[in-house]
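Single-letter residue listing:
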Amino acid sequence: METQGLVPMTDGAQLRWMALGDTTRRPAVMLLYGGPGLPAYLGDVAPMIADLAPVYRYDQHGTGRSPWRGPHSFARHVDDLAELLDAWDVPSAVLIGHSYGTDLASRFCLRHADRVAAMLLMCGPFVGDWRTGDRAERRRRMSAAQQERLRELEGPKAVP
């Protein structure tokens, strides 16, 4: 059974959430999607897990059905996750993060290790200077014409 609602955050925002499965079971699973700026896109994953544990998802600030309000920072997103777990009466959760969601899960674990039952990180986390290597590999794979076109599209503020 899926349930959903809005949770008021301490910064005045309201975040839309969805839960699938028996929400009285523990540990709960929290799906943290990438972006940021995208609506929660891991809905197709939830049914694969919901027979084992309740699965929670939410739309981050300014995405999906969560209107923009308050600051947009890693710290705010970590606070959001803690506040959501409190609202759901979930003392700790298994965090499954994809892309940006791996950064969020990792940062949440650093601040709230006691609230993390386990983590699964997919396609991340992006900590440290990962961009330098990524850009070098991108340049290596592109033709001179592609590199020139990319420079045109990125404009004068582009980082090589």
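Here, the structure is the one placed above.
What this report covers is the structure whose coordinates are included nearby.

So, how was this worked out
Residues numbered from 1 in each chain as written. Predicted model: local features only at pLDDT ≥ 70, side-chain atom pairs only at ≥ 80, totals over all residues. Heavy atoms only, no water. Helix = DSSP H or I, 4+ residues; strand = E, 2+ residues; numbered from the N terminus. Buried < 20%, exposed > 50% of the residue type's maximum accessible area, 1.4 Å probe, protein only. Contact = heavy atoms within 4.5 Å. Pairing = 2+ DSSP bridges. Salt bridge = Lys/Arg side-chain N within 4 Å of Asp/Glu carboxyl O. Phe/Tyr/Trp six-rings, centres within 6.5 Å; stacked < 30°, edge-to-face > 60°.

So, on to the overall build of the protein chain. Secondary structure assignment for the protein chain yields 5 helices and 6 strands. Going from the N terminus to the C terminus, the protein chain shows its helices and strands as β-β-β-α-β-α-β-α-β-α-α. Seen through its principal axes, the protein chain has C-alpha atoms that stretch 55 × 30 × 30 Å. Burial analysis of the protein chain (160 residues in total) assigns 38% to the buried set. For the protein chain, restricting intrachain contacts to residue pairs at least 6 apart in sequence, the fraction spanning at least 24 positions comes to 63%.

With that settled, the discussion passes to the pairing of strand β1 (residues 2–8). As judged from the 7 bridges shared by β1 and strand β2 (residues 14–20), these two strands associate in the antiparallel manner. Directly across from Glu2, in β2, lies its bridge partner Leu20. Linkage of β1 to β2, two consecutive antiparallel strands, is achieved through a turn of 5 residues, within which Gly12 is found at a positive phi near 95 degrees.

Further remarks concern the pattern of salt bridges. Pairs may arise between side chains of opposite charge once their charged atoms sit close together. Scanning all chains against the criterion turns up 11 salt bridges. For Arg16, the salt bridge identified is with Asp59, shortest N-O distance 2.8 Å. Of this pair, Arg16 sits in strand β2 while Asp59 sits in the loop between β4 (55–58) and α2 (74–87), placing them 43 residues apart in sequence. Look at Arg16 and you get buried, because its relative accessible area is 14%. A residue is classified by how much of its surface remains accessible, and Asp59, at 2% relative accessible area, is buried. Of the charged contacts in the structure, one is a salt bridge between Arg141 and Glu137, with a shortest N-O distance of 2.6 Å. Of this pair, Arg141 and Glu137 both sit in helix α4 (residues 131–141), separated by 4 residues, roughly a single helical turn. Residue classification places Arg141 among the exposed residues on the basis of a relative accessible area of 63%.

Another aspect to go through is unusual backbone geometry. Of the consecutive residues Arg26 and Pro27, the connecting peptide bond is found in the cis state with omega at -5 degrees. In this fold, Pro27 is placed in the loop between β2 and β3 (28–32). One non-glycine residue, Asp89, adopts positive backbone phi at about 55 degrees. If you trace the backbone, Asp89 turns up in the loop between α2 and β5 (93–98). Asp89 gets classed as exposed once you look at its relative accessible area, which sits at 58%.

Turning our eyes to something else, we now look at the packing of aromatic side chains. Overall, the coordinates contain 4 aromatic pairs when judged by the stated rule. Taking the centre distance of 4.3 Å and the plane angle of 20 degrees together, the rings of Tyr56 and Trp88 count as stacked. Remark: Trp88 occurs in the loop between α2 and β5 and Tyr56 occurs in strand β4; sequence separation between them is 32 residues. Comparing Tyr56 with Trp88 shows no difference in burial state: the two are buried.

Functional significance is not addressed by these values, which are geometric in nature.
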